[in-house]
Amino acid sequence: MASIRVKNLTKTFKNTTAVNALNLEIADGEFFCILGPPGAGKTTLLRLIVGLEKPDKGEIIIDDENVNSIHPSKRDISMIFQNLALYPDKTVFDNIAFPLRQQKTPEDEIGTKVTEIAKQLKIDWLLEKIPSQLSGGERQRVAIGRAIVRKPKAYLMDEPLSNLDALLRLEMRMSLKELQTDLKETFVYVTHDQVEALSMGDRIAVMNNGVIQQVDKPETIYRMPTNMFVATILGNPPMNFLKCALKAENSKVNIIHKAFTISTGDKSFKEKLIADSKEKNIVLGLRPEDIRINTEKPKESSIRTEIYVTEPLGNETIVDIKLGDNIIKVLTEPDFPGKPGQPIWITFNCSKLHIFHDETHECVYHATEKNKFEIV
Ligand SMILES: Nc1ncnc2c1ncn2[C@@H]1O[C@H](COP(=O)(O)OP(=O)(O)O)[C@@H](O)[C@H]1O
Ligand SMILES: [Mg+2]
């Protein structure tokens, strides 16, 4: 069991700062996901924690002990890599037993431990086979078995499922989550796949350019992203962004786009966003599921527009819609009947809109049920 803390950690390779003054606190027993695009610095961060890289600056603290000068083999952390390298000539048993044999564990103890882990991973019936006789998912389980058999303090996983096909990934996601629930150990799981992070993580850290953008529970990251990067990395299709002008008018504030105006009399909104100026530019963020398409004009006020393209995906349809100079994506039901060019009326779930700063891209406002925004 271990908590992991990283303080002001920096690692630069020639011109690239892969990890930049990074701070992170991972609790004991947590399933902690690090989500970021390729090049974000995720692998470097894991390699620093496990001790395969030396930091330029900063501290790595495991269970209240600074481990900067402790050799990787003494940190008692195991790392599972994207490319699982099993020994091709060794049986599943011998592959899993390998780290224990290196530690000179007695053979009878090895037998007990390997069997126990194999049962946990549901590969106990494969112990006498060699890797080439196994499926991709089974091989992945063996690699995981080998990493966990010596019961380290924490498990670091670097995109362990990215080489598997979609169906296997789905199955392994469940297995890993189950395994962590059984073991109750600290898992640090790196991925570029938002679905993996959302479905497995107790908490998610979103990382970009060597910097952590936000750390929160999955639902909070999705519901209240701190900036446009985080808003984009979670959600499929991602959040729609529309450049708008914010204009104060008497007691109201209007969010003005070429194709529509949203108005609110909400005092807190006004005070927070435009108290000191009459007009400014912002970016309005709306998730595809927070926009509704009406094929006939509804009673409530709506925006008249037309369908640009439809993308039927089986269990849902994505509809692309023109709004002024923008094209937005809307999520709708599987057998949505609309055709390109057809006139439609859209409405927004205004209690879920987000306002971003047009230059810094930081989120400056998340609407809630309490706000009274309406299309006018
Ligand atoms: N050993 C290295 N030498 C030079 N550049 C590196 C090295 N390792 C990583 N980098 C660079 O650091 C950045 C972060 O890489 P990495 O940690 O692998 O990101 P991720 O795992 O998120 O894709 C990238 O720009 C990468 O090219
Ligand atoms: Mg990587």
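Quantities reported herein were computed from a predicted structural model and do not represent experimental measurements. (Residues numbered from 1 in each chain as written. Chains lettered and ligands numbered in written order. Predicted model: local features only at pLDDT ≥ 70, side-chain atom pairs only at ≥ 80, totals over all residues. Heavy atoms only, no water.)

A. Quick look at the side chain of E185. Looking at the secondary structure, you find E185 in the loop between α5 (166-183) and β8 (186-191). Although E185 lies buried, it forms no salt bridge, and the closest oppositely charged side chain, K151, sits 6.7 Å away as judged by the N-O distance. Ignoring sequence-local partners within four residues, the contact set of E185 consists of M1, G29, E30, P152, K153, Y155 and Q180. (Helix = DSSP H or I, 4+ residues; strand = E, 2+ residues; numbered from the N terminus. Buried < 20%, exposed > 50% of the residue type's maximum accessible area, 1.4 Å probe, protein only. Lys, Arg positive; Asp, Glu negative; His and termini not counted. Salt bridge = Lys/Arg side-chain N within 4 Å of Asp/Glu carboxyl O. Contact = heavy atoms within 4.5 Å.)

B. Examining the pairing of strand β14 (residues 279-286) more closely. In this sheet, β14 lies alongside strand β11 (residues 240-249) in antiparallel orientation, the contact comprising 8 bridges. Pairing of C244 across the sheet is with I282, part of β14. Pairing geometry for β14 and strand β20 (residues 354-357), over 4 bridges, is antiparallel. Paired with L284 across the two strands is I355, which belongs to β20. (Pairing = 2+ DSSP bridges.)

C. Geometry of the site of ligand 1. The immediate surroundings of ligand 1 are formed by F13, T16, A18, P37, P38, G39, A40, G41, K42, T43 and T44. In the environment of ligand 1, an oxygen atom lies 2.8 Å from a nitrogen or oxygen atom belonging to the side chain of K42. One of the side-chain nitrogen or oxygen atoms of T44 is found 2.5 Å away from an oxygen atom of ligand 1. Protein chains shield 59% of the accessible area of ligand 1, which is 560 Å² for the free molecule. Among the secondary structure elements, those contributing two or more residues to the shell around ligand 1 are β2 (16-26) and α1 (42-50). If you tally residues by element for the shell around ligand 1, the top one is α1, at 3 residues. In terms of residue class, the shell around ligand 1 is made up of 5 nonpolar, 5 polar and 1 charged. (Near = heavy atom within 4 Å. Polar contact = N/O pair within 3.5 Å; in protein donor to acceptor, adjacent residues only side chain to side chain. Areas by Shrake-Rupley, 256 points an atom, 1.4 Å probe, with all protein chains shown as cover. Nonpolar A, V, L, I, M, F, W, Y, C, P; charged D, E, K, R; others polar.)

D. Inspection of the domain arrangement of the protein chain at higher detail. Each domain of the protein chain was delimited in the assignment, giving domain 1 (4-228) and domain 2 (240-375). Across the domain 1/domain 2 interface, buried area totals approximately 950 Å², and carbon plus sulfur atoms make up 56% of it. Three residues, Y222, R223 and M228, lead the burial of domain 1 against domain 2; their summed loss comes to 67% of the area buried on that side. Our count for the contact surface shared by domain 1 and domain 2 stands at 0 salt bridges. The tally of links between domain 1 and domain 2 comes to 7 residue pairs in polar contact (both at pLDDT 80 or more). Of the residues belonging to the side of domain 1 that touches domain 2, the class tally is 4 nonpolar, 2 polar and 1 charged. (Domains from an automatic or database assignment. Buried area = accessible area lost by both parts, 1.4 Å probe.)

E. Representation of the side chain of N227. As for its position among the elements, N227 is in the loop between α7 (218-223) and α8 (228-233). Of the polar contacts made by the side chain of N227, one reaches the backbone nitrogen of F229; its length is 3.1 Å. Polar side-chain contacts of N227 include one of 2.9 Å to the backbone nitrogen of V230. Ignoring anything within four residues of it in the chain, the contact list for N227 reads Q213, F356, H361, E362 and C363.

F. The arrangement of the nonpolar core in detail. Counting residues in hydrophobic clusters, the biggest one holds 44 residues, and the most contacted among them are V114, I144, I148, L176, L179 and Y189. Ignoring sequence-local partners within four residues, the contact set of I148 consists of I117, L121, Y155, L179 and L183. (Core = buried A, V, L, I, M, F, W, Y, C linked by side-chain atoms within 4.5 Å.)

G. Quick peek at the packing of helix α2 (residues 92-102) against helix α4 (residues 136-148). Where α2 contacts α4, the axes come no closer than 7 Å and their chain directions differ by 30°. Here α4 runs roughly parallel to α2, going by the angle between their axes. Relative to α4, α2 is oriented so that their crossing is right-handed. Contacts from V92, N95, I96 and P99 in α2 reach V142, G145 and R146 in α4. In terms of residue class, the contact of α2 with α4 is made up of 4 nonpolar, 2 polar and 1 charged. (Axes fitted to C-alpha atoms, helices over the stretch in contact; angles between N-to-C directions. Parallel < 35°, antiparallel > 145°, perpendicular 65-115°, else oblique. Left-handed = near helix turned anticlockwise from the far one by under 90°.)

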